[in-house]
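Structure assessment
Okay, here's what each chain looks like letter by letter:
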Amino acid sequence: MAEGYCVKCKSKKEIADAVEELMKNGRKAIKGKCPTCGVVMFKILGGKNAPAEVSSKTALPPQPAKLSLSEPSQASN
Ligand SMILES: [Zn+2]
């Protein structure tokens, strides 16, 4: 079920005979017809459905940094 804008009816319609198509640029689109007037409707869906490999910096191995224990913590009780 996809909704699109029909330019002929000048209103939002539910796309009839909607088929999902994969465009050349990797985007998904819905292609179908207006249920009222039958004009071809085409709706481009959002590009990336799945989250891309952007957040791959989450699992970084702990770096063996130098422990700076030279400064004794002052415990003035
Ligand atoms: Zn229409």
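Refer to the preceding data block for the structure.
Residue indices follow the written sequence of each chain, beginning from 1 at its first position. Thresholds applied to this predicted model are a pLDDT of at least 70 for local features of residues and 80 or more for the giving and counting of side-chain atom pairs; totals over whole chains, interfaces and linings are not thresholded and use all residues.

What about the overall build of the protein?
Of regular secondary structure, the protein possesses zero helices and five strands. In DSSP terms, a helix is any run of H or I states spanning at least four residues, a strand is any run of E spanning at least two, and both are numbered starting from the N terminus. Ordering the α and β elements of the protein from the N terminus gives β-β-β-β-β. Out of the 77 residues in the protein, the part that is buried amounts to 9%. A separation threshold of at least 6 residues defines the contact pool for the protein, and within that pool the share at least 24 residues apart is 27%. Put plainly, a residue is buried at 20 or more neighbouring C-beta atoms within 10 Å of its own, exposed at 12 or fewer, and partly exposed in between, counting only other residues' C-beta atoms, which are placed from the backbone. In this description, any two residues whose backbone-derived C-beta atoms lie within 7 Å of each other are considered to be in contact.

What about the pairing of strand β3 (residues 16-22)?
The buried fraction of β3 amounts to zero of the seven residues, a small share that puts the element mostly on the outside. When DSSP locates at least two bridges between a pair of strands, those strands are taken to pair. Bridging between β3 and strand β4 (residues 28-33) involves five bridges; their strand directions are antiparallel. By the bridge assignment for β4, Val19 is matched with Lys31. In this structure, the hairpin formed by β3 and β4 is closed by a connection of five residues, where Gly26 is found at a positive phi of approximately 90°.

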